[in-house]
Amino acid sequence: MNVIERIMSFIKKFFNKQEEIKMIEAPERVTNIKEKEDFFSSIKVFRPIQIENNEIETLICIGDGLGIQKDMKY
Amino acid sequence: MDSQKMQALSKANQEGRLAMLRALDVEELGEFLTNHREFCKEQNIHPFEITKALDSERQKEFLSKLEQCNLTLNEKREILTTLRPEVKQSIDITNLPKEYATAIQIPTKYGGQIEFEFDRDFEEYRGLDNLITVSPEDFTPEQRKRFMEFCDICPNAEVLSSLKDVAYSSSAIEYKEGEEWIASVIDNIPSAYSQAQKIAIIDNAIGKKISHTPTDGTEAFEPKNSKALWKVISNGYGVCNGVAKVEQYMLKRIGVESEIVSGHGHHGFLKLIDVELPLANGETVKGNTILDPTWNLARQRFGGMPDNFCITYEQARKNDLTSLGLDSQAHKNDEKLQDATIGLDEQSLRNLHTSVGLADKEGMFPLKNLVEKSDTINEMYADNPEENLKHQFLALSQACPEFATCQNSTMSALRIILDFDELKANRCVVNRVYDKTDKDKNAVVYVYLDSKVSGKSFFFADKDTGQFVQLPQEEFINRFECYEKDLEKLGGIRSWEDRPKEKDRLSSIEDQKGEEI
């Protein structure tokens, strides 16, 4: 990259300065810490992580919920 | 009959065969029935099916030659019973043997089917099983008792039950076996039990008796066997609608009305109407609730908490979500289920099951013992996955000796007790295959473990020995095969072969939604 290109790049960055990323804040009226944590949890987006072969693989059967239902409890 | 006609008969379908035989002149028909008994047996041709459709004159002509035909007494009685009414009236029965006379006197409906009569001497029906079809769902207790006597005499008579306006066929002997089992459950419920307690006992008994049809979704699946009420009980296998039908029938016996509802995932289960449920806070709620007997099968079989027992629609929809957050929509039906607003919370469910002896004083279900044993095995064999696996199988077989024949329930239980990390697994698969030598392609549960420590191991649930049997990889692959439908879902790659995983799990659910299960 020559000197002129570097100068142009600097000028572009200077004039096209991006806004800072602002974090979502809990509503002001929420003062309780637990409520704040609940609020943050409620806006989290969970994306299933595709991890290869980390669980017992079974047949999927809607008929009896095999492979769909949560594991049996006692 | 010349070889050309025989060839044509062999090639025709059943209706075609019967039509061809009815077209023969009476003498030739008599010769055919006498000389080709093996052929008739192989092709399931009953002589009466030919003669009942002959016109009156030809029936009379055939009767004059009946004694010259080499037919069994039952075959002759079937022919006599299915004669046209005008032909029957023309016969003088005074000098006929009693077996013939009674056969002629039995009234039949259009098509030759016998009109079943409770006040007839059932001995007169003996041997006429093929001509009798009865729908006994709404019989009174007295009628049921009397009908059981009939079942001993005509064990192969057809017994119909209905499901969504379709009739499904069980045999009389299956009816008897089913009814005896139902009576053994209901008659042993203490009369002082509340409605909810009785429902709990029945749902548990069904889970202990029936398992989901393990060939469901494969080329070996035969829907009619999995939806016929008494056949499901007798065989011990049913699909969702079939199991729901059994539970609906049994609940009706204790005065609980219900409706079989289908979810968007083509899954059938029950909405119980106007039932009373006791809550842990001492209150009682009354209204409609959801009970999914098939989703409870494995839980009941292995003593787990039946978390599809008397739940609200909201809870049922929560249960539809997979661990990946995918909605199976198995119970989605807003129109039918918006009024299913009452249900048991977990504590109330535990209390109810404690009150009938299906959970301990603390509300814990028997599965606890198996899980604790499994945890101990994990500790004991932490460095030896293969031994760990063998001992897990042993614990499972002790908890459920019939595990090899309740395949789907067993697969659910294996998901609980096999621990991926404890087995040091690269991969662990619990699924179904069939023995290549089995023409019926019955399902066999297998476990394939690829462990970082012990390498690849193959086990299958052996029905003969009641144990999990280990086989070397080559022997396992030579002996067993995956179902075509399972292979299709997995892109032609067998479970023990390398394949991408999560994508298949998701697409597999999508595939099943379109099928009636």
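Residues numbered from 1 in each chain as written. Chains lettered and ligands numbered in written order. Predicted model: local features only at pLDDT ≥ 70, side-chain atom pairs only at ≥ 80, totals over all residues.

## So, the overall build of chain B
Test applied: Secondary structure elements follow DSSP: runs of H or I no shorter than four residues count as helices, runs of E no shorter than two count as strands, and numbering proceeds from the N terminus. Three classes are used. A residue is buried when 20 or more other C-beta atoms lie within 10 Å of its own, exposed when 12 or fewer do, and partly exposed in between, with C-beta atoms placed from the backbone. By the convention adopted here, residues are in contact when the distance between their C-beta atoms, placed from the backbone, does not exceed 7 Å.
Looking only at helices and strands, one finds 25 helices and 13 strands in chain B. Principal-axis analysis of the C-alpha atoms gives chain B an extent of 80 × 60 × 40 Å. Out of the 517 residues belonging to chain B, those deemed buried represent 42%. The contacts in chain B between residues at least 6 apart in sequence include a share of 61% that link residues at least 24 apart.

## Concerning the interface of chain A and chain B
Rule in force here: Residues are grouped as follows: Ala, Val, Leu, Ile, Met, Phe, Trp, Tyr, Cys and Pro are nonpolar; Asp, Glu, Lys and Arg are charged; every other residue, Gly included, is polar. Think of it this way: DSSP has to see at least two bridges between two strands before they count as a pair.
In this assembly, 24 residues from chain A lie in contact with 49 residues from chain B. Broken down by class, the residue content of the side of chain A that touches chain B amounts to 10 nonpolar, 7 polar and 7 charged. In the sheet, strand β1 (residues 57-58) of chain A pairs with strand β9 (residues 425-435) of chain B via 2 bridges, with the strands oriented parallel. By the bridge assignment for β9 of chain B, Glu-57 of chain A is matched with Val-429 of chain B.

## A few points about the environment of Lys-332 of chain B
Residue and element names in this part refer to chain B. By secondary structure assignment, the location of Lys-332 is in the loop between α17 (313-319) and α18 (334-337). Along the sequence, Lys-332 and His-267 sit 65 residues apart, while their C-alpha atoms lie 9.2 Å from each other. Setting aside chain neighbours within four positions, we find Lys-332 in contact with Gly-263, His-264, Arg-317 and Asp-320.

## Side note on the packing of helix α10 (residues 141-153) of chain B against helix α11 (residues 172-186) of chain B
Residues and elements named next belong to chain B. Operational definition: Interaxial angles span 0 to 180 degrees and are taken between N-to-C directions of axes, which are lines fitted to C-alpha atoms, for helices over the stretch in contact. Geometric relationships in this document are graded by angle, where less than 35 degrees denotes roughly parallel, more than 145 denotes roughly antiparallel, 65 to 115 denotes roughly perpendicular, and other angles denote oblique. Crossing chirality is assigned from the near helix's rotation relative to the far helix, an anticlockwise turn below a right angle marking it left-handed and a clockwise turn marking it right-handed.
Where α10 meets α11, the axes come as close as 9 Å, and the angle between the chain directions of the two elements is 135°. When the axes of α10 and α11 are compared, the pair comes out oblique. Crossing angle aside, the handedness with which α10 passes α11 is left-handed. Residue-level inspection shows Arg-144, Met-148, Phe-150 and Cys-151 of α10 in contact with α11, the latter providing Ala-172, Ile-173, Tyr-175, Lys-176 and Glu-179. Partitioning the contact of α10 with α11 into residue classes produces 6 nonpolar, no polar and 3 charged.

## Re the confidence of the model for chain B
The line we're drawing: Every residue gets a pLDDT, meaning the predictor's confidence in that residue, from 0 to 100.
The share of residues in chain B with pLDDT of 70 or more is 96%, and the mean pLDDT across the chain is 92. With pTM at 0.84, the complex prediction returns an ipTM value of 0.78.

## What to know about the nonpolar core
The tendency in soluble globular proteins is for nonpolar side chains to be buried as a group. Residue and element names in this part refer to chain B. For clarity, the threshold we go by: Under the definition applied here, buried Ala, Val, Leu, Ile, Met, Phe, Trp, Tyr and Cys residues are grouped into a nonpolar core through C-beta atoms within 7 Å.
Within the largest apolar cluster, 120 residues are counted, with the highest numbers of intra-cluster contacts made by Val-444 and Tyr-446. Ranked by residues supplied to this core, first place goes to helix α12 (residues 195-209) with 7 residues. Ranked by size, the runner-up nonpolar core spans 6 residues in total, among them Leu-21, Leu-29, Phe-32 and Ile-50.

## Re the sheet that holds strand β6 (residues 258-262) of chain B
All names here are of chain B. The antiparallel open sheet is built from 3 strands, whose spatial order is β6-β7-β8. For this open sheet the edge positions go to β6 and β8 (284-291), each flanked by a neighbour on one side alone. Neighbour to neighbour, the strand axes of the sheet diverge by 25° on average, direction disregarded. Strand direction decides the pairing type here: strand β7 (residues 268-278) and β8, joined by 7 bridges, are antiparallel. What sits directly across from Leu-272, in β8, is Thr-289.

## Thoughts on helix α16 (residues 293-301) of chain B
Residue and element names in this part refer to chain B. Most of α16 is tucked away, with 9 of its 9 residues classed as buried. Here α16 has its buried residues at Pro-293, Thr-294, Trp-295, Asn-296, Leu-297, Ala-298, Arg-299, Gln-300 and Arg-301. The secondary structure elements touched by the buried residues of α16 are α12, β4 (211-212), α15 (240-253), β7, β8 and α22 (407-417). Just beyond α16, the residue with positive phi is Gly-303, at close to 75°.

## A few points about the sheet that holds strand β3 (residues 166-171) of chain B
Pairing between sheet strands relies on hydrogen bonds along the backbone, with the strands arranged either parallel or antiparallel. Residue and element names in this part refer to chain B. In space, the 3 strands of this open sheet follow the order β1-β2-β3, with mixed pairing throughout. Either end of the sheet is taken by a strand with one partner, and the two such strands are β1 (133-134) and β3. Where strand β2 (residues 158-163) meets β3, 6 bridges bridge the pair, whose relative direction is antiparallel. Bridge pairing in β3 links Ser-162 to Ala-167.

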